[in-house]
Amino acid sequence: MRFKPRLILGGRTPVPCTFGTFRPVIIIPEKLRESPQKLNMAVRHELIHIRRGDSLLNMLMMLTITLFWFIPLLHLLFSRVKMYRELSCDRDVLSENGFSRKEYAELLFEMAMHTGRHHSSLLGMSIEPSILKKRIENMNTKEQHQRSFRKSLGFLFVTLLAITVVISCSDIQSSGQGAEPASSVSSSAEGAATSTAALDEETVYTEVEIMPEMEGGIISLYEYLTYPDDARAAGIEGQVVVQFVVDEEGRVTQPQVVRSAGGGLDEAALDAIEQVAFTPGRKDGTPVKVEIAMPISFRLSQ
């Protein structure tokens, strides 16, 4: 270990977690004192994170998501990197002699029961229910996830590099096209009347005088909405935000998830919204394309 961590047994956190990069602090729940085996496994898990420098990596990834939150691919890559990182840590912990796979699985399940949404960004054993099943299944296989973790991380940085290049090229191109010759301006003005109608047909609005309305109300959406069996069995709940365009005939086009809940809830939300009919939005009395973002909640009864 390059940095000597400080261990706190107690605190108010319900799950083991680690803070800090150069002065790392490991916080372990007091209840694990009753089970020395689980306590040892939890500490080893956190030490592996510290040894790999995952705290710095996690901070860089969170900063990236904050800056480029509008790119859905980054959210997917971020979740994949987190999953493979935890699978790799689980493998390293269980590779040591004397650790019981059964007790480690019980520890993961106990931590998942106490992991709330505000723990999703913590570095440590905070577990999203959507990947709990995969982590437990991984203990009984010989699948190697270290290579997958490195590939996901490499693809993440390649994507960031590509985004940076595209943004830089766009800025250069826009600055180069800032001054337009007078003759070009004149010819553009002559053809403005002809191109206006075609441009309006392709325009997608976000606000119009009469917004699209769901035929039959919100109840019609839930007639098509099904709760995924795996999500129901794992107790996964959440809210999926779907963005889509309602065209001039009231059909849903270009649906995409802008806020994911995982566990198959995203796919269920997309399937439902694609089957719903709308009354089209109108601008100046004419049907137009309107972009809408709609939250869809998944809740299980107690």
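Owing to the predicted nature of the structure, the values given are computational and were not obtained by experimental measurement. (Residues numbered from 1 in each chain as written. Predicted model: local features only at pLDDT ≥ 70, side-chain atom pairs only at ≥ 80, totals over all residues. Heavy atoms only, no water.)

S.K.: I tried to follow the packing of aromatic side chains on my own but got confused; where do I start?
M.R.: Aromatic rings considered in pairs are described by the distance between their centres and by the relative angle of their planes. Under the defined criterion, the tally for this structure stands at two aromatic pairs. The interplanar angle of 90° and the centroid separation of 5.5 Å between the aromatic rings of Y227 and F298 together place this pair among those described as edge-to-face. Taken together, the residues span a long stretch of sequence, with Y227 in the loop between α9 (218-224) and α10 (229-234) and F298 in strand β11 (residues 286-298) at a distance of 71 residues. Like F298, Y227 is buried. An angle of 45° between the planes, with centres 5.6 Å apart, marks the rings of F244 and F278 as tilted. One end of the pair, F244, is in strand β7 (residues 238-246); the other, F278, is in strand β9 (residues 278-279), and 34 residues separate them in sequence. In this structure, F244 and F278 share a single accessibility class: buried. (Phe/Tyr/Trp six-rings, centres within 6.5 Å; stacked < 30°, edge-to-face > 60°. Helix = DSSP H or I, 4+ residues; strand = E, 2+ residues; numbered from the N terminus. Buried < 20%, exposed > 50% of the residue type's maximum accessible area, 1.4 Å probe, protein only.)

S.K.: Would you mind showing me how to read the pattern of salt bridges here?
M.R.: Charged atoms that come close allow side chains of opposite charge to pair. Considering all chains together, one arrives at four salt bridges under this definition. Two residues, R33 and E30, come together in a salt bridge whose shortest N-O distance is 2.7 Å. Looking at R33, the relative accessible area reads 46%, which means it is partly exposed. In this structure, the salt-bridge partner of K38 is E106, at a minimum N-O distance of 3.6 Å. Separated by 68 residues along the polypeptide, K38 in helix α1 (residues 36-52) and E106 in helix α4 (residues 101-113) bring together distant segments of the chain. For E106, a relative accessible area of 33% translates into the label partly exposed. (Salt bridge = Lys/Arg side-chain N within 4 Å of Asp/Glu carboxyl O.)

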